[in-house]
There are 2 protein chains.
Amino acid sequence: MALRDERVTLAHGGGGKAMRDLIEEVFTSVFAPPGMEDQARLQAEALAEPGARLAFTTDSYVVTPIEFPGGDIGKIAVCGTVNDLAVGGAAPLWLSAAFIIEEGTEIALLRRIVATMAREAEAAGVRIVTGDTKVVGRGACDGVFVTTAGVGVIPPGIEMAAGLVAPGDVAIVNGVLGDHGATILAARGDLALSSAIESDCAALGHLMVDVLVAAPGAKAARDLTRGGLASALNEIAEAAGCGIEIAEDALPLRAEVVGMCEILGLDPLYLANEGRLVVFVPEDQAEAALSAMRARPEGEGAVIVGRAVEGHKQVRMTTAFGGQRIVDMLVGEQLPRIC
Amino acid sequence: MALRDERVTLAHGGGGKAMRDLIEEVFTSVFAPPGMEDQARLQAEALAEPGARLAFTTDSYVVTPIEFPGGDIGKIAVCGTVNDLAVGGAAPLWLSAAFIIEEGTEIALLRRIVATMAREAEAAGVRIVTGDTKVVGRGACDGVFVTTAGVGVIPPGIEMAAGLVAPGDVAIVNGVLGDHGATILAARGDLALSSAIESDCAALGHLMVDVLVAAPGAKAARDLTRGGLASALNEIAEAAGCGIEIAEDALPLRAEVVGMCEILGLDPLYLANEGRLVVFVPEDQAEAALSAMRARPEGEGAVIVGRAVEGHKQVRMTTAFGGQRIVDMLVGEQLPRIC
């Protein structure tokens, strides 16, 4: 049955026929396999393996604008949760997707978001297996918010944790930094910036699997979302109880992003990414990890950016002029609703 | 460190120190055991058992008002997801909790919500193991929205599905209907109704375990949330391909709820509940199921409300006057943002 309405009404959240029609036509029929259940019942051989652990994570997404160059809220919602699982060494298996929808939202927009989610989930090798929709009145939320939770399996023997990083370990990122943050900034339009940059939003599950095969001694990884590379490195330094030194010259930065940051007084080290991670590996496995990353499209820009060191417990950067500065943790926000 | 702010600011969502302080002080320190991780890593013997399946479910909660007699959004968020797992025959294990918070929200309110969630999770025997917070600007959401996802395990041999219900099976509900819906209606205040009714919000995981022990042939259960008993019965009748007959005289309804519905032109059969379920069991196990329910506080009002029948595929009610009426599925909404 085709939905008669072009926009979401409060009736679509009321638990009756209108809600069922919306859910069936816009959501469950699109996710593959069709027929997403109210409660998903799942089996995975990988989970039954002795020593395997279940990984479980969640994130809400409130990005504005909802659609932007290189993606939309649905792409971030799938990739972000896949990445949260992947950086812990888990193979992502299943996602849930809960939607909070403002009355008046175009059904066509929902369809586009759901199509993106189905496509990204398939590419990432995960299934969206359960979901929910709530509708709130006009002005009670801003368009569409999406919350995904993810379940994955950590194979026996895989143990990744920031606390395992030790002096000498090498830090690798999988590509240029800050594209997502710069894209959102430009897409909001109120800065009158025009830019050809697209969000880096990408699922990194397959890349992490390849890295762990190539560099089985990998210690820890973090996706570089809110707070960017700087925040991730500070978290790792604190957990590991050692210092981290990076070189400004080594940072993969696009000239446009650096230029935009200079105009706006932002620091690209803190810009959000949605398809970037940093992984710490023992020095003798760094080349292997790099090659594994570069063999995949989402890692072709991979470079070594620094290493863990003894002697201090800070994140420090050698600047292009040869000086050194402390890269501290951000205090407040650089940009709200970036993801 | 004590938070200096009394209200949430955009900085609390920015990925920096302010966010970390908020998360650590208000959220992770309260959930037990403390130290909720960005990604939870879990092991359960029950999941490794041959034939066991994982159950996975999610719901967003947007209830208004956020606090009401008998509960708050945190209580609904925990109980609702526990109940979604339980009615499928799963033992609930772990929850995720994602918060979307409007700038300006009182930190004290967040603390109360989190305290409720911790208390309810403990009582229900589940752990809140992972979470997220996002902050949006004033007017971009209405206070606080909470999305929980839940993971549980369905033991080998347990198979509950609406499609298994067959003519002769008996329908039991665990207590009076509509208290939650009536409470929210009164709590909004714009109807100038005063009422002593409290929400029925309760976790039903333990009750379902007891029912399944007492009535191992139980076919299907549904929690009676949006759309109430009427919607749940219609869903079951449709999936089972049989009719369901209930008797108005048998319905457990409080006089206050009936009175409020009469004034407002509502039908209590469609009122939302947050601590009520219907379970279908073979006739010869009905008394055992009833006794098991009545032995628990959340089931002390349990009664048989009707049964599955042959001959038609509708939900029909014998009225108090001896007539019969069709109890159809709700078309639109009866009351927005009830959960």
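Everything numeric here is computed off the predicted structure, so don't read it as measured data.

**Regarding the UniProt feature "domain: PurM-like N-terminal" (unreviewed entry) in chain A**
So, point 1. With numbering aligned to this structure, UniProt lists the feature "domain: PurM-like N-terminal" (unreviewed entry) at residues 49-154 of chain A.
So, point 2. The span residues 49-154 of chain A is 30% helix and 43% strand, and its two end C-alpha atoms sit 10 Å from each other.

**Focus: the pairing of strand 8 (residues 170-173) of chain A**
Residues and elements named next belong to chain A.
So, point 1. Across the two faces of strand 8 the burial is the same, with Val170 and Ile172 and Ala171 and Val173 all buried.
So, point 2. Bridge count for strand 8 against strand 11 (residues 277-281) is four bridges, and the pairing is antiparallel. Bridge pairing in strand 11 links alanine 171 to phenylalanine 280.
So, point 3. Sheet topology note: the strand 8/strand 12 (residues 303-309) ladder contains four bridges and is antiparallel. In the sheet register, valine 173 faces strand 12, and the bridge partner there is valine 303.

**What about the relation of the copies chain A and chain B?**
So, point 1. Between chain A and chain B, the superposition needs a rotation of 180° and an axial shift of 0.0 Å, giving an RMSD of 0.0 Å. When the rotation and shift are considered jointly, the pair of chain copies conforms to a two-fold rotation axis.

**Regarding the domain arrangement of chain A**
Residues and elements named next belong to chain A.
So, point 1. Per the domain assignment, the segments making up chain A are domain 1 (10-38 + 52-154) and domain 2 (162-326).
So, point 2. Here the C-alpha centre of domain 2 lies 27 Å away from the C-alpha centre of domain 1.
So, point 3. Counting residues at the interface gives 19 residues for domain 1 and 22 residues for domain 2.
So, point 4. Both faces considered, domain 1 and domain 2 share a buried interface measuring about 1600 Å² in area, 66% of it formed by carbon and sulfur atoms.
So, point 5. When the buried surface of domain 1 facing domain 2 is broken down by residue, Pro69, Asn83 and Val87 rank first, second and third, together holding 32% of it.
So, point 6. For the pair domain 1 and domain 2, the interface holds zero salt bridges.

**Observations regarding the pattern of salt bridges**
So, point 1. In total, this model carries 36 salt bridges over all chains according to the counting rule given.
So, point 2. For aspartate 179 of chain A, the salt bridge goes to arginine 254 of chain A, with nearest N and O atoms at 2.5 Å. Here aspartate 179 of chain A is found in helix 5 (residues 179-187), whereas its partner arginine 254 of chain A is found in the loop between strand 10 (243-247) and helix 8 (255-264), with 75 residues between them in sequence.
So, point 3. What makes aspartate 179 of chain A buried here is its relative accessible area of 2%.
So, point 4. The network of salt bridges with common partners includes Asp59 and Arg226 of chain A together with Asp132 and Lys134 of chain B.

**Concerning the sheet that holds strand 2 (residues 53-61) of chain B**
So, point 1. Strand order in the open sheet formed by five strands is 1(A)-2(B)-7(B)-5(B)-6(B), and the pairing between neighbours is mixed. Where the open sheet ends on each side, the last strands, each with one partner, are strand 1 (40-42) of chain A together with strand 6 (127-136) of chain B. Along the sheet, successive strands turn relative to each other by an average axial angle of 15°, direction set aside.
So, point 2. As judged from the ten bridges shared by strand 5 (residues 91-102) of chain B and strand 7 (residues 144-154) of chain B, these two strands associate in the antiparallel manner. Considered in strand 7 of chain B, the bridge of serine 96 of chain B is made with alanine 149 of chain B.
So, point 3. Strands in contact with helix 3 (residues 73-86) of chain B are strand 2, strand 5, strand 6 and strand 7 of chain B; relative to strand 2 of chain B, the strand with the most contacts, it is inclined by about 150°.

Cut-offs applied
Residues numbered from 1 in each chain as written. Chains lettered and ligands numbered in written order. Predicted model: local features only at pLDDT ≥ 70, side-chain atom pairs only at ≥ 80, totals over all residues. Heavy atoms only, no water. UniProt positions renumbered as here; feature names shortened; annotations may be inferred. Helix = DSSP H or I, 4+ residues; strand = E, 2+ residues; numbered from the N terminus. Buried < 20%, exposed > 50% of the residue type's maximum accessible area, 1.4 Å probe, protein only. Pairing = 2+ DSSP bridges. Least-squares fit on C-alpha atoms with pLDDT ≥ 70 in both. Domains from an automatic or database assignment. Contact = heavy atoms within 4.5 Å. Buried area = accessible area lost by both parts, 1.4 Å probe. Salt bridge = Lys/Arg side-chain N within 4 Å of Asp/Glu carboxyl O. Axes fitted to C-alpha atoms, helices over the stretch in contact; angles between N-to-C directions.

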